[in-house]
Amino acid sequence: MSTESEAYVLRQDEAGVATLTLNRPGQYNALSSAMIGALADALKAVAEDRAIRVVVLAAAGKAFCAGHDLKEMRANPSKAFQQALFSRCGKLMTSLLALPQPVIARVHGIATAAGCQLVSMCDLAVAADTARFAVSGINVGLFCGTPAVGLSRNVGRKRAFEMLVTGDFIDAAAASLAGLINRAVPADALDQEIARLAQSICAKSPHAIAIGKRLFYRQLEMGIEAAYQVAGETMACNMMAEDAAEGIDAFIAKRPPVWLGR
């Protein structure tokens, strides 16, 4: 990873969990071009690391992520710059889905606009009960079109559209009820809950988790007949894996399984 990437995104590994921390606290971890590049590099490195079973996406400072860097966007007013920026950001967001490991968003503060999008594109999200969420571009005359993609795939249509056209904040409790996050916990219990969730995933077969995650997002975009077809084929292939044989044998023998990751 480059020095620039290290400056913008910090990585810490522990017991199969890689914590990637957005590290631009003075700018509320805004997704500048440099931040997008740094996070993309960090995710690529994690994807290729077989020792990592879970990724936690965290942030330094008061905010989780305040969205795009509006100053940078105004300083580069050409349409070509804007197109390239949103294209790179879109690829970053979809790379979270393509990552073989589950990604947990650790949301301790505000997540607005593309920051809210970032939360929506993580596989799981746990927030402090003091965190708040908004897609607030509309307040500066900019409809949050790209954040709408992730938001509308997590939250019901009417709630998502209301957030998009008002720019209003919702609190962590409302975000949990709406499905944007898995749950809200007291701020001092956030790390404990993240660790509990990560450890639960780490205890499972990494092979089954990886193919299961890939199937989950693939079938979501299909009609129900095609979804059942691809799901059935995936499960049949899963049954051929050594981890499935080990898991079933361990269950029958009433012993803990020893995962091989294949």
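Quick notes on the rules
Residues numbered from 1 in each chain as written. Predicted model: local features only at pLDDT ≥ 70, side-chain atom pairs only at ≥ 80, totals over all residues. Heavy atoms only, no water. Core = buried A, V, L, I, M, F, W, Y, C linked by side-chain atoms within 4.5 Å. Buried < 20%, exposed > 50% of the residue type's maximum accessible area, 1.4 Å probe, protein only. Helix = DSSP H or I, 4+ residues; strand = E, 2+ residues; numbered from the N terminus. Pairing = 2+ DSSP bridges. Axes fitted to C-alpha atoms, helices over the stretch in contact; angles between N-to-C directions. Contact = heavy atoms within 4.5 Å. Expected span 1.5 Å × (residues − 1). Arc of directions from axis to C-beta. Phe/Tyr/Trp six-rings, centres within 6.5 Å; stacked < 30°, edge-to-face > 60°. Lys NZ or Arg CZ within 6 Å of the ring centre and 35° of its normal. Lys, Arg positive; Asp, Glu negative; His and termini not counted. Salt bridge = Lys/Arg side-chain N within 4 Å of Asp/Glu carboxyl O. Polar contact = N/O pair within 3.5 Å; in protein donor to acceptor, adjacent residues only side chain to side chain. Patch = residues over 30% accessible without salt bridge, like charges linked within 9 Å, V, L, I, M, F, W, Y side chains within 5 Å. Areas by Shrake-Rupley, 256 points an atom, 1.4 Å probe, with all protein chains shown as cover.

Asker: Explain the nonpolar core to me, please; I cannot follow it from the model alone.
Answerer: Note that soluble globular proteins tend to have their nonpolar side chains buried in a common cluster. Of all hydrophobic cores here, the largest spans 53 residues; its most connected members are Phe-64 and Phe-133. The element that contributes the greatest number of residues to this core is helix H2 (residues 33–47), accounting for 7 residues. Val-54, Ile-104, Val-185 and Cys-202 belong to the second-largest nonpolar core, a separate cluster that totals 14 residues.

Asker: Where do I start with the environment of Gln-199 in this structure?
Answerer: The topology assignment puts Gln-199 in helix H9 (residues 190–202). For Gln-199, a relative accessible area of 55% translates into the label exposed. Between the C-alpha atom of Gln-199 and that of Gly-212, which follows or precedes it by 13 residues, the distance is 18 Å.

Asker: Where do I start with the sheet that holds strand S8 (residues 170–171) in this structure?
Answerer: The pairing of strands in a sheet happens through backbone hydrogen bonds and is either parallel or antiparallel. Overall, mixed pairing links the 3 strands, which are arranged S5-S7-S8 in an open sheet. Of all strands in the sheet, those with a lone pairing partner are strand S5 (111–112) and S8, marking the two edges. Taken together, the 2 bridges between strand S7 (residues 132–134) and S8 define a ladder with antiparallel strand orientation. Following the sheet pairing, Arg-132 is matched in S8 by Asp-171.

Asker: Sorry if this is basic, but what is going on with the sheet that holds strand S3 (residues 54–59) here?
Answerer: On the basis of which strands lie adjacent, the open sheet formed by 6 strands has the order S1-S2-S3-S4-S6-S9 and mixed pairing. Lying at the two open borders of the sheet, with one neighbouring strand each, are strand S1 (9–14) and strand S9 (183–185). Recorded for the sheet is a direction-independent mean angle of 20 degrees between the axes of neighbouring strands. Here H2 sits on the sheet and contacts S1, strand S2 (17–22) and S3; the angle it forms with S2, its principal contact strand, is near 175 degrees.

Asker: Any chance you could explain H9 here in plain terms?
Answerer: Side chains three or four residues apart in an α-helix point the same way, a direct result of the helix having 3.6 residues per turn. Between its first and last C-alpha, H9 extends 18 Å over 13 residues, near the 18 Å set by a 1.5 Å rise per residue. Among all positions of H9, only Leu-190, Glu-193, Ile-194, Leu-197, Ala-198, Ile-201 and Cys-202 are buried. Tucked inside the fold, the buried residues of H9 contact S2, S3, strand S4 (103–107), strand S6 (124–128), S9 and helix H10 (206–220).

Asker: Would you mind going over helix H11 (residues 224–239) with me for this structure?
Answerer: Its 16 residues place the ends of H11 22 Å apart at the C-alpha level, agreeing with the 22 Å of an ideal helix rising 1.5 Å per residue. Every buried residue of H11 is listed here: Ala-227, Val-230, Ala-231 and Thr-234. Seen end-on, H11 carries its buried residues on one side only, within an arc spanning 100 degrees. Of the exposed residues in H11, the ones pointing more than 90 degrees away from its buried face are Glu-225, Tyr-228, Gln-229 and Glu-233. Against the buried residues of H11 lie H10.

Asker: Help me out: how do you make sense of the packing of aromatic side chains in this one?
Answerer: Centre-to-centre distance and the angle between the planes together describe a pair of aromatic rings. For the structure shown, the criterion picks out 1 aromatic pair. Sitting over the ring of Phe-169, Arg-132 keeps its end group 4.1 Å from the ring centre.

Asker: Hey, could you run me through the side chain of Asp-243 in this one?
Answerer: On the secondary structure map, Asp-243 appears in helix H12 (residues 242–253). Salt bridges are absent for the buried Asp-243, whose nearest opposite-charge side chain, Arg-53, sits at 6.9 Å. A distance of 2.7 Å separates a polar side-chain atom of Asp-243 from the backbone nitrogen of Leu-260. What Asp-243 contacts, discounting residues up to four positions off in sequence, is Ser-205, Pro-206, His-207, Trp-259, Leu-260, Gly-261 and Arg-262.

Asker: Whenever I open this one, a nonpolar patch on the surface confuses me. Can you help?
Answerer: On the surface, Met-239, Met-240, Ile-248, Phe-251 and Ile-252 cluster together into a nonpolar patch covering about 620 Å² of accessible area. Looking at the nonpolar patch, the element that brings in the most residues is H12, giving 3 residues.

Asker: Mind showing me how you'd approach the pattern of salt bridges here?
Answerer: Should their charged atoms come close, side chains of opposite charge can pair. Going through the model one piece at a time under the given rule, you end up with 11 salt bridges. Note that Glu-48 is salt-bridged to Lys-44, the shortest N-O span being 3.0 Å. Among the ionic pairs, Glu-246 bridges to Arg-255, the shortest N-O distance being 2.7 Å. Among the charged side chains, a network of salt bridges with common partners joins Arg-11, Asp-13 and Asp-49.

Asker: Can you walk me through the pairing of S4 in this structure?
Answerer: For S4, the tally of buried residues reaches 5 of 5 residues, placing the bulk of the element in the interior. Here S3 runs beside S4; their pairing, made up of 3 bridges, is parallel. Bridging across to S4, Val-56 finds its partner in Ile-104.

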